[in-house]
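Chain and residue survey
Residue strings, one per chain:
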Amino acid sequence: LKVRRQQLADYLAGQASDIVEWRHELWRLEQMEASPGAQSVPHEQERIAEKRAETTAASSPWLAQVRAIERDLHDDLRDILNADQVNDPAVMESYDTLPADNQARSLHWMNIAITSLVIGVGVLLMLGLFTRLAAAGGILFLVSVLAAQPPWIAAPAGPIDPSYYQLVEIAGLMVLFASRAGRWAGLDYFISALTRRCCGR
């Protein structure tokens, strides 16, 4: 661990001047994105896209080298395991999950959960199945999005408030929730009929 830490420190020290310049370019990118015409002027959008691609490409070799050092550490740890540890499933499971970043794992599962929620809400609404539940889930998701980027924190990027379409979607979902649309033109009609037959109104 000490050897790999020193290897990482030496590598970053050798790249220090380039990293400082890269951080300056990131600052320039932020200034470009915050400029008044960033979202409305096509030429500015092209410049921002080029600068974003340039900064991403500049950091790729550093990330690749850091990952290589991490893999080397992982291999070093593998070499010190004895035969009994190699044959122990619990030890090997710990070893396999060792290099994973907890934050990266959390983000990965969060991405899966959000993607599943959005797709699930859309499919249920199209089928008219569990419409009120799906509409409520969609409303809660959109409210969480608005809470994460409230329109009063920063000025709108363009002539239309960026939260406008989300408010429209929330209003539409509220109508679906209140009207029980699935019972009129969806699979909820059949579910409602079955529940009335077995359980009454």
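Residues numbered from 1 in each chain as written. Predicted model: local features only at pLDDT ≥ 70, side-chain atom pairs only at ≥ 80, totals over all residues. Heavy atoms only, no water.

1. Remarks on the nonpolar core
To keep it simple, the criterion reads: Residues belong to a common nonpolar core when they are buried Ala, Val, Leu, Ile, Met, Phe, Trp, Tyr or Cys residues joined through side-chain atoms within 4.5 Å. Note on classification: 1.4 Å probe, protein chains only; a residue is buried when its accessible area is under 20% of the maximum for its type, exposed when over 50%, partly exposed between these limits. Secondary structure counts use DSSP, requiring at least four H or I residues in a row for a helix and at least two E residues in a row for a strand, with both numbered from the N terminus. In what follows, residue pairs with any heavy atoms lying within 4.5 Å of each other are defined as contacts.
Listed in full, the six residues of the largest apolar core are Ala135, Ile139, Leu142, Leu146, Ile170 and Leu173. Mapped onto this core, the elements with two or more residues apiece are α7 (131–148) and α8 (164–179). The element best represented in this core is α7, accounting for four residues. Leave out the neighbours within four places in its chain, and Ile139 touches Ile170, Leu173 and Met174.

2. Considering a nonpolar patch on the surface
Going by this rule: Nonpolar side chains (Val, Leu, Ile, Met, Phe, Trp, Tyr) within 5 Å and like charges within 9 Å form the patches, drawn only from residues with over 30% relative accessible area and no salt bridge. Note on areas: Shrake-Rupley with a 1.4 Å probe; residue coverage comes only from the protein chains shown. Definition used for salt bridges: Asp or Glu carboxyl oxygen within 4 Å of a side-chain nitrogen of Lys or Arg.
A cluster of nonpolar residues, Ile119, Val123, Met126, Leu127, Leu187, Tyr189 and Phe190, forms a patch on the protein surface that exposes about 710 Å² of accessible area. Elements with a contribution of two residues or more to the nonpolar patch: α6 (102–127) and α10 (188–199). Ranked by the residues each element gives to the nonpolar patch, the list is headed by α6, at four residues.

3. Comments concerning the environment of Asp18
The topology assignment puts Asp18 in helix α2 (residues 16–34). According to the relative accessible area criterion, Asp18 is partly exposed, its value standing at 41%. Taking C-alpha positions, Asp18 is 9.1 Å from Ala58, a pair spaced 40 residues apart along the chain.

4. Re the pattern of salt bridges
Within this structure, the stated rule accounts for six salt bridges. Between Arg4 and Asp76 there is a salt bridge; the shortest N-O distance is 2.7 Å. Residue Arg4 is located in helix α1 (residues 2–14), and its partner Asp76 is located in helix α3 (residues 42–79); the two are separated by 72 residues in the primary sequence. Here Asp76 falls in the partly exposed class, since its relative accessible area comes to 30%. A salt bridge links Glu25 to Lys51; the nearest nitrogen and oxygen atoms lie 2.6 Å apart. Of the two residues, Glu25 is situated in helix α2 and Lys51 in helix α3; the sequence distance between them amounts to 26 residues. Each member of the pair, Glu25 as well as Lys51, carries the same accessibility label: buried. Bridged by salt links that share partners, the residues Glu25, Arg28, Lys51 and Glu54 form one connected network.

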